[in-house]
Amino acid sequence: MSRFKILSNRHSAAISRGPAATCVSVALFFWLALCSSQGLAFGADGHRIIVSIAEKHLSKKTAAELTQISGGTALTELALWPDQIRGQQKWSHTKSWHYINIKDHERFSGLRRSPKGDVLSALKESYKQLKDPKTESQQRREALAFFLHLTGDIHQPLHVGRYSDLGGNRVSIKWLGSNKRRNLHWVWDTGLIKDEQLGVDQYSALINKTTAQQRHNWQSDSFLDWAMESKVLRAQVYEFGQPEKKGPVTIDQQYINRTKPLLKKRLLMAGVRLAGCLNRLFDSTYFTPITTDKNVCETGGHLE
């Protein structure tokens, strides 16, 4: 059994048998997860936006397969589940799956990885379980939830973060003059999106504009490429445009205006890539052959 197994046999045994029972069990499962969480985690709208964009790029066959796997749960809500349950003791082992820490000068090839797993290993494992026809239905549901969620996480530059400040969580900031304590990670998970003052559907429609060449390039990339991009882009996150000083960093309108386009592109890329990987899994007729690394959506080589 893989050390990154998403569902234990003990939990699998609790799932009811039969179509009607399965629907009830699925609904109850996610309702209990929602009620037991400490409210929605930061970044909820970001994950919804990414999945909303992905849904616009799914084939009908893939969409139908995902509906069956999710048991009818909206994918935009299923994507939030890994954040909602990671505070529970039986899911505490998944906390490290949401990020990977790497120093500015380090290379991924020589990186000492967490034995508990990280966003790269968890993406690979959840994709593997979705791909395996022998994966049991509840485990497949959970693998889908993690794959939806972690595809978003790895595109946020601070989820491929620095050890020194825990991906921006230790960088105290003042948001537009507010005295409420925030951190830099919150800015990129939530603040920049909220500043747009748009609903999820409006925001998704605003940024969901791509060319066929962009979709081809982005969907030719691997999980490692996604992480490498975030690491490279991370430097822009720390460009505050002000002298270094003790105390909180002020996030002003100039910073917001400069970084919003970058965040929007990362959300868009995540949605397009998410759709590409899911279409590859569930609709072999959707793609024309792409002359690139044969391990697209697993390991690989193209970085724009």
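Residues numbered from 1 in each chain as written. Predicted model: local features only at pLDDT ≥ 70, side-chain atom pairs only at ≥ 80, totals over all residues. Heavy atoms only, no water.

Participant: Account for the confidence of the model for the protein, with residues named and values stated.
Facilitator: Do not read the predicted coordinates in detail wherever pLDDT is low. For the protein, per-residue confidence averages 85 on the pLDDT scale, and residues scoring 70 or more make up 81% of the total. The model gives residues 7-42 a pLDDT under 50, and that stretch makes 42 contacts with residues more than four places away or in other chains. A low-confidence stretch, residues 300-304 stays under pLDDT 50, and its non-local contacts, those more than four residues away or across chains, total 16 contacts. (pLDDT = per-residue confidence, 0-100. Contact = heavy atoms within 4.5 Å.)

Participant: Tell me about unusual backbone geometry, residues and numbers included.
Facilitator: The phi dihedral of Leu-176 is positive, around 50°, even though this residue is not glycine. With respect to the helices, strands and loops of the structure, Leu-176 is situated in the loop between strand 3 (172-175) and strand 4 (182-183). Residue classification places Leu-176 among the partly exposed positions, given a relative accessible area of 40%. The phi angle at Gln-197 is positive, at roughly 55°, despite the residue not being glycine. Inspection of the secondary structure assignment puts Gln-197 in the loop between helix 9 (184-194) and helix 10 (200-207). Judged by relative accessible area, Gln-197 falls into the exposed class, the value being 73%. (Helix = DSSP H or I, 4+ residues; strand = E, 2+ residues; numbered from the N terminus. Buried < 20%, exposed > 50% of the residue type's maximum accessible area, 1.4 Å probe, protein only.)

Participant: I'd like a rundown of the nonpolar core, residues and numbers included.
Facilitator: In terms of nonpolar packing, the biggest core is built from 74 residues, with Leu-184, Val-187, Trp-188, Ile-251 and Leu-278 touching the most fellow members. With 15 residues, helix 13 (residues 253-282) is the single largest residue contributor to this core. Ignoring any residue separated from it by four or fewer positions in sequence, one finds Leu-278 in contact with Leu-58, Thr-62, Leu-66, Leu-144, Phe-147 and Leu-148. (Core = buried A, V, L, I, M, F, W, Y, C linked by side-chain atoms within 4.5 Å.)

Participant: Outline the state of the cysteines, listing residues and values.
Facilitator: Counting across every chain of the model gives one disulfide. At a sulfur-sulfur separation of 2.1 Å, the disulfide partner of Cys-277 is Cys-297. Across the S-S bond linking Cys-277 and Cys-297, the dihedral sits near -100°, which makes this disulfide left-handed. Taken together, the residues Cys-277 in helix 13 and Cys-297 in the segment after helix 13 connect sequence positions 20 residues apart. (Disulfide = S-S within 2.5 Å.)

Participant: Lay out helix 7 (residues 119-131) in plain terms, naming residues and giving numbers.
Facilitator: The end-to-end C-alpha separation of helix 7 is 18 Å, in line with the 18 Å expected for 13 residues at 1.5 Å each. With ten of 13 residues buried, helix 7 lies mostly within the body of the structure. Within the span of helix 7, buried status applies to Val-119, Leu-120, Ser-121, Ala-122, Leu-123, Glu-125, Ser-126, Tyr-127, Gln-129 and Leu-130. Tucked into the core, helix 7 has its buried residues touching strand 1 (100-101), helix 8 (137-155), helix 12 (223-237) and helix 13. Near the N-terminus of helix 7, the side chain that reaches the backbone nitrogen of Leu-120, with its oxygen 3.0 Å away, is that of Asp-118. (Expected span 1.5 Å × (residues − 1). Polar contact = N/O pair within 3.5 Å; in protein donor to acceptor, adjacent residues only side chain to side chain.)

Participant: Got a sec to walk through the pattern of salt bridges? Specific residues and values, please.
Facilitator: Counted under the stated rule, the structure contains 13 salt bridges. Between Asp-104 and Arg-162 there is a salt bridge whose closest N-O contact spans 3.2 Å. Highlighted residues: Asp-104 in the loop between strand 1 and helix 7 and Arg-162 in the loop between strand 2 (160-161) and strand 3, separated in sequence by 58 residues. By relative accessible area, Asp-104 is classed as partly exposed at 48%. Here Glu-229 ties to Arg-266 by a salt bridge, and the two come within 2.7 Å at their closest N and O atoms. Here the residue Glu-229 occupies a position in helix 12, and Arg-266 occupies one in helix 13, the gap between them amounting to 37 residues. The same class applies to Glu-229 and to Arg-266, which are both buried. When salt bridges with common partners are traced through the structure, they connect Asp-195, Glu-196, Lys-260 and Lys-264 into a single cluster. (Salt bridge = Lys/Arg side-chain N within 4 Å of Asp/Glu carboxyl O.)

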